[in-house]
Structure formats: structure tokens, C-alpha cells
Amino acid sequence: MNNSIKDINSTWGYRILFFGLAFLILGVLNSDFLYGAQDYSYFILNDIYFGETIRQTGGLLIYVSAFLTQFLFYPILGALMLSALLVGVEVAMERLFKAGIISFVAPVLLLFTMTSVGYAMYDRFENSFLFSSVIGVLCALLLLALSRWLCSKSWGVYAALLLSSLSYFAIGSYAIFAAILIVVDGFCHGRKSKHLCFFVGLLFVLVVVYFGSNYLFHEFYSSALYSPLPSPHFALLFYSSLATFAVVIAIQLYGEKLHRITLFQKPLWSYGLLLAMVLGAYFFSYRDANFDAEIKVRRLAEERKWDELISYAEGLDHPTRPVLIYRAIALSTQGKLAEKLFDYTCEFSKSKTRFLSETTLMNEDFCIYASFFNYAYLWSMEFWTTVGSKYAYLRKMALVSLLNDEPELARRYNDALKQTLFQRRWAMWLDKYINDPRSLYVDCPEFNAVQKETPKVDFILKLNRVIDSYRNYNFLSYENAERRLLADMFKKDLRAFSSDFRGMRDYYAKTGIPRCVQEAVLTCAYNGNPKIVKGLNIDMALVEKIDDFYKAIKSYGNPEVAKEKLKARHGHTYYYFYYFSSFK
Amino acid sequence: MIMKNLLAYWVSLCLLFSSCNGGGSLPKEYGEASEVLQIYPDYQEVEMPYNIAPINFMVNNQGKEARLLIKGETEDQIVVSSGEDMKLCIPQSKWRKMLDSNKGKSVVFTVFVKSNDGKWLRYKPFANFVSTEAIDKYVTYRLIEPSYMSTGEIGIYQYDTETAGQTAIITNHRKKKIPENRDQCCINCHSSQRGNPENKLFYYRGPTGGLILTYNGKIKKIDTRAGDMFSGTVYASWHPSLPLIAFSSNVVRQSFYNRGKEKVHIYDFASDLVLYDINGNEITAICKTKDKQETFPYWNSDGTMLYFCSSDSIMDRPEDIVKMKYDLKRMKFNAEDRTWSEPEMIYCASKENLSAIHPRTSYSDKYLIFTKTKFGPNGYTQKASDLYIMDTKTNAVRSLDEVNTPESECYHAWCAKSDWFLYVGRVDDGNYGRVYFSHVDSFGHVSKPLPMPHEDPLYDHQLLKSYNAPEFSVVPVSFSQKEYEDVIFNGEILKAKYGSPITDSVDSYSGASKLGLK
């Protein structure tokens, strides 16, 4: 009696530990990712979305999971739900396979898969996978439990196989997984009908998948076999999902034996093993501070917390291009772009986006704040159509439509957002401006600024890098022309800068030249264009400082040494950026 | 906040499943509403074909609940009640009976709204006329997002005008499920033969695609780029009776503008006309010019005349699009020796510094409807695009003010008996195209447009895709998506032969017959 109570206590002890660790990893260490996954997912409560979702392999599972994904809007809440589901998988496995601590391997692997999504989140990837991966496994285990319950009857196992095959239309490949579990269970328990079961199961699966893929879902047979798992394009996620299936089957076959091996006399060892498994999963999962930083700055921009965005971006050692762009957006809303753009580190790193372009991470926002509304709309819709429906794009399309004086178009997008659980809050915020667009410019001065700086001439957009947008067009306005200068500076194109600067002389004669533009002017002067400084009011202290810099560069033979030595005094200047910046 | 959101969400969920009640009774006591009735879609004072699906709508006036009384000139009536969502959905069987027994008469719609203080108000009734002419049973169209570069999820669909049901003819869903497969697989341009509507075609672009032609009960996949054509075929018009299809061959491009509400313009860098002989699998030139661009061929009802658009300007760079002004022309076709006459100008829009596109004659050849716009061959994205009707006997042209709005109207198509036509209008929000039906009487009078009905009145508002190139059809598509996909993904592609001389340049209309066509 006492032993069994002790066993129960230790089992629940493991579960509590696992729940706590899973929650820590998901809700604390990956909270930005969870929020991002929700922002790049889509669930709308209407017939159209339901119809489109349900007409694919595993449609019902995707629909339910997409609904639950909305809760990741509050990462703590979402993490609690996911952790509870993971514990649910372990409970089901323990009940079915009596594998003790080994039952945790599958949920740990699921946890690893969830936290390895990374940049796939922005791609043509169904972010509801975070929930569907766990719920799918739970469904498969429940179908196995059902088959065991029915196995006392001669037809029971066939009924379970039939049910799991039919459930293919709702849960996709997890139904195939369930059928395999049922057949393997027959072999495990040495049932007489095991071979027949195998053939019946195989037949069910082949027929159902063929029928489903060709006549119902119109998918390739191969993709219908594994949906709703991610495609092999997302190799790590695909194979780790398959590995989860394999692990569950292995535990089904050898769980009890393994349990005996790992039945340590001191429970502390078992706790240690569990801790090691979870920490191992975390260690090998996708951990990238830049990835989190990009989600964070995007969110801060969305919430228009500009000061917080700037100070957060300035706290990063090696920001990526998207972070740099979002910082520039924040600076421009504060009217400090020319003054502060190059007052920043120039140790950049590259986003590890692999298949995606970095533009996917920031283009729409950049275009909005650059006053190219049609460009912003185009990119939002481009991403919407090519990587899939996501809330983030819907919000952008709604906002841009309003800024472009198309309230009825904004209403269309906003009404869709109102049919969600948590995005509706944003939709209600925008709704009042759709009914009274002028109040948007009063309440949000940054939008007033971007509206004022809209180019007043028509031109065809060149679909190249966003940063080149300004450099492609003729003079627009002084504010825009200044951005163009900064773009030249960012591209380190001193010739273009010298040419564009000519048009700004009168303007700067009245306003004064921003510090980093002065630095760029002097950089031009030191690089073969001394005439550029003629007639300009340049800070003499700056001239002396840049003179020191050039002398010092000559004195250091090795550029890497020069970069390091000069960083303290010249680090946050344009000329330092010009010489030493690079995206690693 | 979470609880508040959840609560609001479940209310919406309940509304979703409780909407479209039907039935109910009329309020016994009510006052008269002083404000104007606002409904979506706008079905007030329209003409309806007697076989149209129920015109379900949503009341936009403030209120908690709505009731609808539909009364014909005969004794029958329908009463419909809404939920809190104010959607009024008419039972199909009762609606069908009502229209059948009121052909050529008006039916009166009276809306009652329960105001927020619990009192019922009756709005001024409106009358819709039930036409004695039916509309074709099917409409096919493409659904596509309105402004982007790459290919997303696209499909051609078939809509049943009597039930408002929609089924997919072909989609690119299969390819789009595989993220690594990012190649373009656009699907477009669905059309059928007038005299034998089972014969249909559409394109499935991309490596495994081609012209997917259904002819005499067989599906073929054809590569229509032949000889020295600068591109494959694009816009099609079936000869009404012979196994011939007139195509334009276009190098289509699009440009995106930095500002304004016309975000994208679509144009051709080059375009010519060709004729495809289905039996011989052979393409011959109709117009092969270097100093002109021809597009949008359209046969008249007996196949003796080919209408098309022609521009005297050509494109060197995207900015030239504003110079592209298309006129309407036609050429006589001799089916026996397959020769063409010299082109004849029938409407010179370039004189007005405008562009006339998409000529389409009625099946009686009495009228020709076309789109007039500022420039270029695409009226869809230009707000100035309006529909015009020409009396083909007198060549008198008038603007279809009954349907034109400050937004774009284009992509019109006639129904089989030519007493109804459809078009795509972007009046809802200036971006997303929606389908409208309009009646034309024997005097050329056109009725107020009837928005294409749906079971859920908000369907078109919620649909984040545009209707593109809709066409009427009297028969359904006879092949399943699976059968089409078998040909697309596994079928052999037939390379069309080229029956015209390969020539580098002919600087005016060639008159294909003069170049030794068969």
C-alpha cells in the first residue's frame, strides 16, 4: 500500500517537474517566439475559413489547433496549455505502456520540436503545429486506448482500425500513426489476428489516403500521407515529428523493459534523468537571440513603443538588419533619424532565415513609415499570398488602407480581425479611426508624419531592396531627400551621396546639418571630394576628430586592430560605420 | 481582458450558428421608421431573374433583430426573421415558388427592425421586379487576391445561380501545399464554346501546365507557343460552332505605383492574334504586327466576324502604359478558306485619348458591350473603367450609367439568351471585385445591378479574394478536379504546330490569308 502511494507520488512528482520545466522553456525562455507564432498564424471565425481549413488532410485538427494557437497571444497562458497537453501525452503513455520515466521521452521530443520552429514561423508553415503536434499524438493514443477497450470482442480491433482510418479525414497522418499503434499492439500482445490486422490496417490506410488525397483534399499522395505534419522542406521539424512517432512505437514495444532498467533505487536519479532529457531538448532546440530580438522589435513597433524599441535595440550587441530597420523606424517617428541613425554599433549579424529573405521580416513596416503606402500594401499582400494568411499581414493591410484613405478597404480587413479572440482588441482600436480617419492623425502623430511625407508624384515602384527605394527616385521632398541621403550613406555610396547632397544645401543652410551627415560630408572630403565641404558650416571639433581617425587608421596596419582600438572614441560615428561595418 | 474577449467570441460563435433562421412571425405593433433602410448587399429596387438563388441580405440599420415580409402580387408571402446579427436568409423552396408565381411582376420586401429600446419599426418597403427571363445556371470565375506579384493560392470555381453553391473546377492547392515548390502555377482564363458549352478551356501555368482543353469529351494539355510567337496564348474566344479558337498572344507585365488608389497596372509589352485549329493542333497568325498591339479577340454569334482591340502605340518601357490607347476593330472571317478581311475600325477611343477594351457582342449580335478606360488593356484596376454599350446597327454608343460607378466596372459577359449580362464591379471598397448581374431589355435599357447572391449575406465582405474574369455557362463542367489534375500532372503535353510562315517582322496587319494560310 505504502509503496503504491509512494509510486503515485513520485509519478506526479515527475509530472510536476516536467510541467514546470516545459512551462519555463515555453512560457519564459520562448515567450517571444510563442507570441510571434500566434501573430503569424490565422484563425477566423467564419464559414470561409472553416471551409478552406477543413478541406485539407487533417483539417479538423488544424482548425482546432489554430483556434487554440490564438491563446499564445498571452504566452504565459499558451505555455500553460501546451505544458498541460504535454503532460497529458505522458499520462496517456504511462497508462498505456507502463514505461515509467521513459514515458517522458515522447513529450520531451515534442517539446524539442515545438521550440525548434525558428524562422519557419514566417514561412509557408502552419503555426498551429505547436498545438496540433501534441493533440495529434494524444488522439492517436486515445484511439489505441479505444482499441484495447474493444479488443475483448472479436471484431473490436477491426472496429478500432476502421475508426482510426476514418479519423484520417479529421486528424490526417496521426490517424495512420494510430493505426500503426493498434497493429503493433496486436503483435505486442501476441493476438492471433495480428497478421490479418496488419493487412487490414495497411489496406485501410492506403485506400483512405488515396481517396482523401485525390478526391477530397486534392493533394499529392505523398503530402497527404504526412499532413498535417510540416513538409520535409522544414526538415528538422518533419523528422523530429517522425522521430516522436518512432519513439512512441519503441516505448510501446520496449517501454516496460526500459522502465525496469531505469527503475533507479533513488528517485533522485530518475529526477536527474528527466531533468537531463528536458535540458538536452532545450539545449538542442532552436535558440537564437536575434530571432527573439526581431520578434520583440516588431511587436514594440506594432504597439508604437518607440522609446522602448530604441533602448532595446541599442542594448543588443550584434543586431540584425531587421532590428536596424525597426530602430530606424522608431528614430524617424521621433524625428531623430538623421541625428541618430549611425550613432549605433556597426557590429551586425545576419538573420539565419535560410530559405526566406530578411525582407519578409520587416518590409511592410518599413514601407509604411517610409510613406510608400502602396508598396506596404503590395508587400503585405505578397507575403499573405506566398507564405500564407497571417494576422500580422491582415493588420498591416488594414492600417495601410486607412493611411491610403481607403476606409472601406480597411473595414474589410478589420472586420475579419474582429472575428478572432484577441486580435479583435487591435481591430476595435482601428475601428474608431475607420469611422473617423482624421482622429488617427491626432492620436498617432507618427502616422500624421508619414502621411505628410507621402511622395507627391507618381512613379512605378522598382521591386528591389527596400533600402534602395529612395535611391531610385528623383527629388521628392526635403524630408524624403534626407532619407535618401541616409540610404546613400547606408549603402556607402559616397558618389551618390555627393550628388544628392547638392540638392540639400539650401535646406541645411536653414536647419543646420545633422551630425552624421556632417560626418558623411567629411568622409567624402577625405575620400577624394574635398570640394564638398566648401561653404558648409561644419563643426570644427568634428573635423579634428575625423582627422585623428584618419591618422590613426594609417598608423594601425591591421584593420581589425584599428577597428578595435578606435571603437571607444569613434565607434558611434558615420565614418567608423563607413570603414568597419559589415553584416556577418 | 481575456475573459471579456472570450465572452465576445462565444457570442459571435453562437451568432454564427444561429444566423439565418428563416420562419418567424411579423410584429403585431410597429411604428414607421424615419431613416432610410440600409442593407448589404444592396438588393433594393433591382430586377431579378426568376431562377436566381435567394437574395439573402443583412440589415445595417441599428437594431437587435429584424423581420422580413416578402409579398408577391399573388397571395403567397414569405416571412423571415434574423438573429442579433441582422442577417435575413430566405428559405430556398419558398423563394423558388414565390419567383415562379410572380414572373413578370414585382415582389415587395418589407423590413421590420426591433430597435434597441424593444420597439419595432417598419422601413419603407422596396419592390423588386421578377424577370420573365432566366439567367444561365452557372457562372465560372477565378478567385485571386487583387494586388501582388507572385502566384498564391488560385482556383477556378463554378457557381450555381439557382442555389448559390460554389464548387472548385481546378485549384493549385496541390502545389501550394508543398512549400519548397515555389514555382509559378497560375490558373486563368476559363471559357467555353457558345454552341457547344461542354467544350471548355483554361490554363494551368508552370512546368507541368499548359492550355487545358476539353473538347468532344476529352481533356488535352497543349503547349500553344509555336513558331516565332513571342509567348504562348493568353485571352481566348471560341468560334461559336467550328473547332477553332482565336487567341491573343501577350507578353503580360504588371507595374506597381507608389501612391494613389490604383495600385497596380497590368499591360502587354507585346501582343498579337492567332487562330488555333483544334483538329489539326495548329496555330496560324491572324495579326502579326510590330507597330501595333492587338488583344482580346471575340467572335460574333455566327463566327463570321472577329472583334478585337488594337493599339497604334507600342510599349518600350513600363512608363509607356499611359500612351497605350486601344481602339475596337473587327475583321471578317471566311470559314471556308479561313481568310480574313482587312481590319475595320468600329470605335476609335484613342481619339478621345481613352482606351476601349473587352468587346463582347450579345448572342443576337444586336449589342456590343465594352469597357472604356484611361489607358492600357486592363480596366480592372483603373477607377475610370466604365461599361459602354454599342448598338451594332447604328454604331451608337452610350455609357451604361445604370451600372457605372466611380469605381471600376469591367469583365462583362453575356448570358446565352443575351437578356442578362454580368460584370465585375469594385464599388464595395475599390479593390476587391464582386460579380453583378444586370438585365438588358429589347430597347437596350439596363436594370440596376443585382449583386451575386450568397447563402451568407456577408460572404463577399468576408472573402479576401477578388472575382476575376467571370463567364456564364449553361452546363456544368463535366470533368472532376481529379480528372483535370491527372492530365495536368501526368498527361503528355501536345506541342501545337505553327502553320504560318516564320517571319521576323511585318509592319502592319498581315492579313494572315495573304501570307498563305490554309
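Up top you'll find the structure we're talking about.
Residues numbered from 1 in each chain as written. Chains lettered and ligands numbered in written order. Predicted model: local features only at pLDDT ≥ 70, side-chain atom pairs only at ≥ 80, totals over all residues. Heavy atoms only, no water.

*Asks:* Honestly, the sheet that holds strand β15 (residues 200-204) of chain B in this entry has me stumped. Any pointers?
*Replies:* Sheet strands associate in pairs through backbone hydrogen bonding, adopting either a parallel or an antiparallel arrangement. All names here are of chain B. Judged by pairing direction, the sheet is mixed, and its five strands sit side by side in the order β14-β15-β16-β17-β36 without closing on themselves. The open sheet is flanked by β14 (187-192) and β36 (493-495), the only strands paired with a single partner. Within this sheet the neighbouring strands show an average axis-to-axis angle of 25°, counted without direction. Here five bridges tie β15 to strand β16 (residues 210-215), and the two strands are oriented antiparallel to one another. Directly across from Y204, in β16, lies its bridge partner G210. Across the face of the sheet, helix α5 (residues 481-490) comes into contact with β15, β16 and β17 (218-223) while running at roughly 35° to β17. (Pairing = 2+ DSSP bridges. Helix = DSSP H or I, 4+ residues; strand = E, 2+ residues; numbered from the N terminus. Axes fitted to C-alpha atoms, helices over the stretch in contact; angles between N-to-C directions. Contact = heavy atoms within 4.5 Å.)

*Asks:* Please explain the pattern of salt bridges as it appears in this structure.
*Replies:* As a working rule, side chains carrying opposite charge can pair if their charged atoms are close by. Overall, the coordinates contain 48 salt bridges over all chains when judged by the stated rule. With a shortest N-O distance of 2.7 Å, B:K263 and A:E406 are connected by a salt bridge. Taken together, the residues B:K263 in the loop between β19 (244-256) and β20 (264-277) and A:E406 in the loop between α21 (391-403) and α22 (407-417) connect one chain to another. Residue classification places A:E406 among the buried residues on the basis of a relative accessible area of 4%. Close ionic contact of B:K372 with B:E352 constitutes a salt bridge, the shortest N to O distance being 2.8 Å. Of this pair, B:K372 sits in strand β28 (residues 367-373) while B:E352 sits in the loop between β26 (344-347) and β27 (355-361), placing them 20 residues apart in sequence. Bridged by salt links that share partners, the residues A:D39, A:E302, A:D365, A:R395 and A:K396 form one connected network. (Salt bridge = Lys/Arg side-chain N within 4 Å of Asp/Glu carboxyl O. Buried < 20%, exposed > 50% of the residue type's maximum accessible area, 1.4 Å probe, protein only.)

*Asks:* For this particular structure, what's the right way to read the pairing of β17(B)?
*Replies:* Moving residue by residue along a regular strand, the side chains alternate between the two faces of the sheet. All names here are of chain B. Relative to β17, β16 runs antiparallel, the two sharing five bridges. Looking at β17, one finds that I212 is bridged to K221. Linking β16 to β17, which pair antiparallel, is a turn of two residues; within it N216 sits at a positive phi near 50°. Where β17 lies against β36, three bridges are found, and the strand directions are parallel. In the sheet register, D223 faces β36, and the bridge partner there is K495.

*Asks:* When you look at the side chain of A:R327 in this model, what are you seeing that I'm missing?
*Replies:* Residue and element names in this part refer to chain A. Structurally, R327 is set in helix α17 (residues 321-333). Residue classification places R327 among the buried positions, given a relative accessible area of 0%. Within polar-contact distance, the side chain of R327 engages the backbone oxygen of K340 at 2.9 Å. (Polar contact = N/O pair within 3.5 Å; in protein donor to acceptor, adjacent residues only side chain to side chain.)

*Asks:* Looking at this model, I keep getting lost on the interface of chain A and chain B. Mind explaining?
*Replies:* The extent of an interface is frequently quoted as the accessible surface area lost upon association of the parts. Taken together, the contacts link 62 residues of chain A with 56 residues of chain B. For the pair chain A and chain B, the summed buried area comes to about 5,600 Å², and 59% of that belongs to carbon and sulfur atoms. Three residues, A:R124, A:R412 and A:I460, lead the burial of chain A against chain B; their summed loss comes to 15% of the area buried on that side. Among the residues making up the side of chain A that touches chain B, the classes are represented as 31 nonpolar, 14 polar and 17 charged. (Buried area = accessible area lost by both parts, 1.4 Å probe. Nonpolar A, V, L, I, M, F, W, Y, C, P; charged D, E, K, R; others polar.)

So, to be careful, I would describe these as geometric facts and stop short of saying anything about function.
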